[in-house]
Amino acid sequence: MAGKTLYDKIWDAHLVHEAEDGTSLLYIDRHLVHEVTSPQAFEGLRMSGRKVRRPDQTIAVPDHNVPTTPGREDPANMTEDSAIQVAALDKNAKDFGIHYYPVSDVRQGIVHIVGPEQGWTLPGMTVVCGDSHTATHGAFGALAHGIGTSEVEHVLATQTLIQKKSKNMKVEITGKLSPGVTAKDIVLSIIAETGTAGGTGYVIEYCGEAIRDLSMEGRMTICNMAIEGGARAGLIAPDQKTFDYVQGRPHAPKGAQWEAALNWWKTLYSDDDAHWDKVVTLKGEDIAPTVTWGTSPEDALPINATVPAPESFSGGKREAAARSLDYMGLTAGMPLTDIEIDTVFIGSCTNGRIEDLRAAAEILKGRKVKDGMRAMVVPGSGLVRAQAEEEGLADIFREAGFEWRLAGCSMCLAMNPDQLAPGERCAATSNRNFEGRQGYKGRTHLMSPAMAAAAAVTGKITDVRELSATEAA
Amino acid sequence: MEKFTTLTGVAAPMPLVNVDTDMIIPKQFLKTIKRSGLGVNLFDEMRYDREGNEIADFVLNKPAYRETEILVAGENFGCGSSREHAPWAIKDFGIRCVIAPSFADIFFNNCFKNGILPIVLPQEQVDLLMSDAEKGQNARMTVDLENQTITASDGIEISFEVDPFRKHCLLEGLDDIGLTLEKGAAIDSFEAQASQARPWV
Ligand code: SF4
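By convention here, each chain's residues receive numbers from 1 onward along its written sequence. Whichever chain is written first becomes A and whichever ligand is written first becomes 1, with later ones labelled in order. Residue-level local features of this predicted model are given only where pLDDT is at least 70; pairs of side-chain atoms are given and counted only at 80 or more, and the full residue set underlies all totals for whole chains, interfaces and linings. In computing side-chain properties, one takes all heavy atoms of the structure into account and sets aside hydrogens as well as water.

The name given to chain B in an unreviewed UniProt entry is 3-isopropylmalate dehydratase small subunit, and the organism recorded there is Palleronia caenipelagi. In its Sequence similarities (unreviewed entry) section, the UniProt record describing chain B reads: "Belongs to the LeuD family. LeuD type 1 subfamily." UniProt lists a comment for chain B under the heading Pathway (unreviewed entry), and it reads "Amino-acid biosynthesis; L-leucine biosynthesis; L-leucine from 3-methyl-2-oxobutanoate: step 2/4." UniProt positions are given in the numbering used here, feature names are shortened, and annotations may be inferred rather than shown by experiment.

The name given to chain A in an unreviewed UniProt entry is 3-isopropylmalate dehydratase large subunit, and the organism recorded there is Palleronia caenipelagi. Listed under Function (unreviewed entry) in UniProt, the entry text for chain A is "Catalyzes the isomerization between 2-isopropylmalate and 3-isopropylmalate, via the formation of 2-isopropylmaleate." Per UniProt, chain A carries the Subunit (unreviewed entry) text "Heterodimer of LeuC and LeuD."

Asks: Sorry, what's going on with the UniProt feature "binding site: [4Fe-4S] cluster" (unreviewed entry) in chain A here?
Replies: Residue and element names in this part refer to chain A. Feature annotation in UniProt assigns "binding site: [4Fe-4S] cluster" (unreviewed entry) to the following positions: Cys 349, Cys 409 and Cys 412. In three dimensions, the annotated residues from a span of 64 residues occupy one location, with a maximal C-alpha spread of 8.8 Å. Of the annotated positions mentioned, Cys 349, Cys 409 and Cys 412 line the largest cavity. Along the chain, Cys 349 turns up in helix α12 (residues 348-351). Judged by its relative accessible area of 6%, Cys 349 falls in the buried class. Dropping the residues within four chain positions of it, Cys 349 is found in contact with Ile 110, His 112, Ile 113, His 133, Asn 224 and Asn 431. With respect to the helices and strands, the residue Cys 412 is situated in the loop between β17 (403-404) and β18 (425-428). Apart from residues no more than four positions distant in its own chain, Cys 412 is found in contact with Phe 345, Ser 348, Ser 430, Asn 431, Arg 437 and Gln 438. Here a cavity denotes grid points, spaced 1 Å and computed from the protein atoms alone, that fit a 1.4 Å probe unable to get out, and a pocket denotes an open set having protein on both sides within 12 Å along at least 5 of 7 lines; residues with an atom within 4 Å of a point are the lining. Elements are defined by DSSP. Helices are runs of H or I of four residues or more, strands are runs of E of two residues or more, and each kind is numbered from the N terminus. The rule is simple: take the accessible area with a 1.4 Å probe, protein chains only, and divide by the maximum for that residue type; under 20% is buried, over 50% is exposed, in between is partly exposed. Only heavy atoms enter the contact rule, under which two residues are in contact if any of them lie within 4.5 Å.

Asks: What is the right way to look at the sheet that holds strand β10 (residues 202-207) of chain A in this model?
Replies: Residue and element names in this part refer to chain A. At least two bridges found by DSSP between two strands is the condition for calling them paired. Overall, parallel pairing links the four strands, which are arranged β11-β10-β9-β12 in an open sheet. Since the sheet does not close on itself, it has two edges, and those belong to β11 (233-235) and β12 (278-283), each with one partner. Taking each pair of neighbouring strands and ignoring which way they run, the sheet shows an average axis angle of 20 degrees. Of the strand pairs in this sheet, strand β9 (residues 167-174) and β10 are connected by six bridges, and their pairing is parallel. For Glu 172, the partnering residue across the bridge sits in β10 and is Cys 207. Across the sheet, helix α1 (residues 6-13) touches β9, β10 and β11, and the angle it forms with β11 is around 115 degrees. Structural elements are reduced to axes, namely lines fitted to C-alpha atoms, with helices fitted over the stretch in contact, and the angle between N-to-C directions of any two is expressed from 0 to 180 degrees. Across the sheet, helix α6 (residues 183-194) lies against β9, β10 and β12, angled at about 130 degrees from β12, the strand it touches most.

Asks: Even after reading the chapter, I still don't get the packing of aromatic side chains, so can you show me in this structure?
Replies: Pairs of aromatic rings are described using the distance from one ring centre to the other and the angle between the two planes. When the centres of two rings from Phe, Tyr and Trp lie within 6.5 Å, Trp using its six-membered ring, the rings pair. Their planes under 30 degrees apart give stacked, over 60 give edge-to-face, and anything left gives tilted. On inspection of all chains with the given rule, the structure shows 17 aromatic pairs over all chains. Arranged with centres 5.3 Å apart and planes meeting at 65 degrees, the rings of Phe140(A) and Tyr245(A) form a pair that is edge-to-face. Taken together, the residues span a long stretch of sequence, with Phe140(A) in the loop between β6 (126-129) and β7 (143-146) and Tyr245(A) in helix α9 (residues 240-246) at a distance of 105 residues. The exposure classification of Phe140(A) matches that of Tyr245(A), with both residues buried. Ring geometry for Phe108(B) and Phe112(B): centres 5.3 Å apart, planes at 80 degrees, overall edge-to-face. Of this pair, Phe108(B) and Phe112(B) both sit in helix α4 (residues 105-112), four residues apart, which is roughly one turn of the helix. The residues Phe108(B) and Phe112(B) share a single accessibility class, namely buried. Above the face of the Tyr269(A) ring, Lys9(A) is positioned so that its terminal group lies 4.1 Å from the ring centre. Whether a charge sits over a ring depends on NZ of Lys or CZ of Arg being within 6 Å of the ring centre and within 35 degrees of the ring normal. Cation over ring: Lys317(A) sits above Phe313(A), and NZ or CZ is 5.9 Å from the ring centre.

Asks: Looking at this model, I keep getting lost on the site of the ligand. Mind explaining?
Replies: Residue and element names in this part refer to chain A. Every residue close to the ligand is listed here: His 64, Ile 110, His 112, Asp 131, His 133, Ser 348, Cys 349, Cys 409, Cys 412, Leu 413, Asn 431 and Arg 437. Being in a pocket or cavity means that more than half of the molecule's atoms lie within 2 Å of its grid points. According to the grid-proximity analysis, the pocket containing the ligand is the largest cavity. Here the residues of the shell around the ligand are counted per class, giving five nonpolar, five polar and two charged. In this document the domain limits rely on a domain assignment from an automatic tool or a database. When residues of the shell around the ligand are assigned to domains, at least three map to each of domain 1 (6-278) and domain 2 (291-469). The near set for a molecule or strand comprises every residue that places at least one heavy atom within 4 Å of it. By the convention adopted, Pro, Cys, Tyr, Trp, Phe, Met, Ile, Leu, Val and Ala count as nonpolar, Lys, Arg, Asp and Glu as charged, and the other residues, Gly among them, as polar.

Asks: How do you make sense of the pattern of salt bridges when you look at a structure like this?
Replies: Any two side chains of opposite charge can pair, so long as their charged atoms come close to each other. Salt bridge, as used here, is a side-chain nitrogen of Lys or Arg placed within 4 Å of a carboxyl oxygen of Asp or Glu. A complete count under the given rule lists 40 salt bridges over all chains for this structure. For Lys31(B), the salt bridge identified is with Asp81(A), shortest N-O distance 3.7 Å. Here Asp81(A) lies in helix α3 (residues 80-96) and Lys31(B) lies in the loop between α1 (21-24) and α2 (44-47), a pairing that spans two chains. Between Glu389(A) and Arg398(A) there is a salt bridge; the shortest N-O distance is 3.6 Å. Accessibility expressed as a relative area gives 41% for Arg398(A), which makes it partly exposed. Beyond isolated ion pairs, a larger network of salt bridges with shared partners links Arg53(A), Arg54(A), Asp56(A), Asp188(B) and Glu191(B).

Asks: It is not clear to me how the domain arrangement of chain A should be interpreted in this structure. Could you clarify?
Replies: Size of an interface: often given as the accessible area lost when the parts come together. Residue and element names in this part refer to chain A. Partitioning chain A into structural domains gives domain 1 (6-278) and domain 2 (291-469). With centres defined by C-alpha atoms, the gap from domain 1 to domain 2 works out at 24 Å. Contacts between domain 1 and domain 2 engage 43 residues on the former and 42 residues on the latter. The term buried area denotes the loss of accessible surface (1.4 Å probe radius) that occurs when two parts are joined, taken as the sum for both partners. Summed over both partners, the interface of domain 1 with domain 2 comes to about 3300 Å²; 60% of that surface belongs to carbon and sulfur atoms. At the surface where domain 1 touches domain 2, the tally comes to one salt bridge. Counting of polar contacts relies on pairs of N or O atoms within 3.5 Å, with two restrictions inside protein: one atom must be capable of donating a hydrogen and the other of accepting it, and residues adjacent in sequence are counted only when both atoms are side-chain atoms. At the junction of domain 1 with domain 2, the criterion picks out 25 residue pairs in polar contact (both at pLDDT 80 or more).

Asks: I keep staring at the nonpolar core and nothing clicks. Help me out?
Replies: As a rule of thumb, nonpolar side chains are buried together in soluble globular proteins. Working definition of a nonpolar core: buried Ala, Val, Leu, Ile, Met, Phe, Trp, Tyr and Cys residues. They are joined through side-chain atoms within 4.5 Å. Core analysis: the largest hydrophobic core is formed by 113 residues, its most contacted members being Val344(A), Phe397(A), Phe402(A), Phe43(B), Phe77(B) and Leu117(B). Counting residues domain by domain, this core receives three or more from each of domain 1 (6-278) and domain 2 (291-469) of chain A. Aside from chain neighbours lying at most four places away, what touches Phe402(A) is Val344(A), Ile346(A), Leu364(A), Val369(A), Ala375(A), Met376(A), Val377(A), Phe397(A) and Ala456(A). Within the second largest apolar cluster, 65 residues are counted, among which are Val171(A), Met220(A), Trp258(A) and Leu262(A).

Asks: Any chance you could explain the side chain of Arg443(A) here in plain terms?
Replies: Residues and elements named next belong to chain A. Inspection of the secondary structure assignment puts Arg 443 in strand β19 (residues 443-446). Counted charges follow a simple rule, with Lys and Arg positive, Asp and Glu negative, and His plus the chain ends left uncounted. No salt bridge is formed by the buried Arg 443, whose closest oppositely charged neighbour, Asp 342, lies at an N-O distance of 6.7 Å. Within the structure, Arg 443 has its side chain in polar contact with the backbone oxygen of Tyr 327 (distance 2.8 Å). Excluding its chain neighbours within four sequence positions, the residues that come into contact with Arg 443 are Asp 326, Tyr 327, Met 328, Gly 329, Leu 420, Gly 423, Glu 424, Arg 425 and Cys 426.

Asks: Is there a simple way to think about empty space enclosed by the protein in this case?
Replies: Vacant regions in the atomic arrangement are exposed by a probe of water-molecule size rolled over the atoms. Grid points are joined across faces, edges and corners, and a volume is the space filled by probe spheres set on the points. The tally for this structure, following the rule as stated, stands at five cavities of 30 Å³ or more. Residue lining of the largest cavity: 23 residues in total, with His64(A), Asp131(A), His133(A), Leu413(A) and Arg437(A) positioned closest to the centre. Its residues assigned to classes, the lining of the largest cavity shows seven nonpolar, 12 polar and four charged. Estimates place the volume of the second largest cavity at around 120 Å³. Along its surface, the second largest cavity is lined by 13 residues, and Thr295(A), Ala320(A), Ser324(A), Val17(B) and Met23(B) are the ones closest to its centre. Among the elements that line the lining of the second largest cavity, the one with the most residues is helix α11 (residues 316-328) of chain A, at four residues. Grouping the constituent residues of the lining of the second largest cavity by class yields four nonpolar, four polar and five charged.

Structure follows, in C-alpha cells:
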C-alpha cells in the first residue's frame with residue numbers, strides 16, 4: 001500500500017463518518033468566526049433553536065469591517081453598518097458563550113493572524129473559518145478550509161463539516177532564494193505558473209528547501225494564497241520552526257500535554273512513497289521579485305518584465321486580459337517599472353505580521369515617501385502593532401510619511417472607509433487585485449512588503465534590489 | 001431549502017473567465033446581516049454606473065435577459081472570497097442554475113446549500129450552450145436534475161454529472177444540518193475517542 005500524504009493523515013484523524021459515495025463528515029477542532037460572514041449563521045441557529053456544540057473551540061474576532069482609526073471602541077465612531085455587524089458579533093459571542101476578542105482588546109486583529117498568535121492554531125488540526133484565506137493556518141500543518149455561511153452554521157451546530165476528499169498536489173520549491181526575494185514572490189510565481197484555477201479540487205502541500213528555509217510567518221504568506229491558486233487548503237509539514245513558534249502561546253498545550261502533542265506532530269509529514277495526483281516544481285533561484293499587472297492574482301510577472309499583450313494569451317483569457325489592461329489603464333509592452341503608484345497599502349493577513357513590517361521599515365529607514373503619495377500601514381493585530389512600536393518600526397513608518405493604523409482588514413477588501421478612489425493605483429501587500437476589490441475602479445498591484453515600501457519611496461513600481469543598493473539619505 | 005427538480009427558463013451568456021465573487025456581489029453589500037434582498041445588487045459594478053443607472057450593454061440589463069434563470073459562464077466562475085452573499089444574490093435575482101467549464105470550490109459548495117445547481121461541462125459543450133443562450137429570450141433551456149440533462153432551445157440534449165448526495169439534497173430540498181444531526185451518536189463517539197487520542201486540543 002502506498003504511503004500517506006500529510007493531508008491523508010490529518011483527514012484520517014478527523015473522519016467521523018464516510019458514506020459509500022465518499023461524502024464524509026469531518027470533525028472540526030477550531031472554528032474561527034468574524035463579523036461579516038457569521039450573522040446569518042447565528043440567526044439560523046436561533047431560528048431553529050440550536051446551540052453552539054463546542055463554544056470552547058469557537059473563537060470570534062471582528063476584523064473585516066472595523067475602522068482602523070482611533071476611537072473605534074465607541075460605536076459612534078463607526079459607520080452605521082460596521083456598528084451593526086460588530087454589535088451583532090458582540091451579542092452572538094455573549095449569547096452563545098464563545099471566545100471573543102473585541103476591538104478594545106489588544107489581541108484583536110485579522111482572524112488569521114490572531115489564531116496562530118494566540119496558539120489556537122496547532123499542527124494536525126482541522127481549522128475552519130467563514131473566510132477563504134483560512135488556508136493561512138496550513139502553514140502549521142493544520143488542514144484549514146474557508147467555508148460559506150451555511151457551513152459556518154453547520155459547524156456551529158455540529159462541530160463537523162460535510163466534505164469530499166480532495167486530490168493531493170505537491171508544489172516543491174527547490175534550492176535557495178536570491179536576496180530581495182520573499183515568500184510573497186514565491187507564492188505569486190506559483191500562481192502565475194499554475195493559474196488561479198490550477199489548484200481547484202486539490203489540497204496543496206508546499207515543500208522543498210526554499211519553503212523549509214522560510215520562517216513561520218513566510219510560510220503563512222504562502223499558505224494564505226493557496227486559495228488564490230484555486231486550492232481550498234495549503235499545507236506545510238510542521239518542523240522544529242513550527243514547534244518553536246507554537247510553544248508558550250496562550251492556548252498551546254503545556255507540560256505533559258505538550259510532550260504528547262509533540263510526539264504526534266512529529267509524525268505529520270508525507271511519506272516518501274505517498275501518491276501525488278499532481279506535482280509542480282519551481283526553482284528558488286529562478287524566482288525574482290514579482291508583481292501583478294492585471295486583475296487576477298495569476299497576472300503576475302517578474303519585476304523586469306513588460307505588460308503583456310492580450311494576443312499573447314489564448315481562449316477566454318485573451319478577452320479577460322484585454323479587459324484587465326483597460327481596467328488597469330496600462331498599455332501592452334510598457335515596463336512594469338514605469339507604472340506610477342498613488343497609494344501604498346501595507347497590511348492584510350498575507351503580509352501584516354511583524355516580519356513584514358520589519359522588511360518594509362528596513363527600506364523606509366532614512367527615506368521619505370514620494371510627494372503626494374498616500375501610504376498606510378495597518379498591522380495585522382494589536383499585538384503586532386504593539387511590538388512594532390516597541391521595536392521603533394512605527395516611528396520609521398511615521399517619519400517616512402506613512403499613516404500608522406489600528407489592526408483590521410482595512411484596504412485589503414475596503415469594506416470600511418479605507419478605499420481607493422476610482423482610477424487610484426495602489427501597491428498593496430494584500431492578496432487580491434480583483435476589479436473593485438480595494439474600492440470602485442481602484443487599481444491594485446500585488447507585491448511584497450519590501451517592494452511596496454520601495455514603490456512608496458520612488459512613486460513607481462520598483463525593483464527593491466536596486467533601491468537597497470543605493471544609500472538612504 | 002428550496003427544492004430543485006427541473007427548470008425551464010432564459011439562459012444568459014457570460015463568457016468572461018475568472019468571474020470572482022467581488023464582481024458577483026461587491027463588498028459594500030456584505031454589510032447586511034440578512035440573507036435576502038441582494039438580487040438588485042448582483043454584478044452591481046458591471047450592471048450600474050456610479051449614479052445607479054443601468055449600463056445598457058450588460059447582459060442582465062438587456063430586455064431579452066431580464067428574466068434570466070440560467071447563467072452560462074466562463075471557466076473558474078465564483079473564484080475569490082467565501083462570501084455566501086454571492087449565491088444569495090444570484091438566487092435572489094432568480095437564477096437557479098449556473099453552467100461553466102469549472103467553478104471555484106467554495107462557491108460551488110455554497111450553491112448547493114442554497115438550492116442553486118452549478119453544472120460543470122467540457123468547454124465545447126459550454127460553447128454550444130453559450131451560442132444557444134446568445135439567441136435571447138426565446139431560447140429557453142431546460143435543466144432536468146433527476147435525469148441529469150440539459151436541453152437546449154434547438155432540442156439538443158447534453159447530459160451532466162452531479163454528486164449523488166448533493167443531487168439527493170437538492171431534489172428533496174434537504175437541510176444539511178438536520179442530516180448531520182442524525183449522526184449525533186457518531187459525532188459523540190468520535191469526540192470521546194479524540195479527547196483521549198489528542199487531549200491537548
Ligand atoms: S485581510 Fe483581507 S484577505 Fe485577510 S481576512 Fe481580511 S479581508 Fe480577508
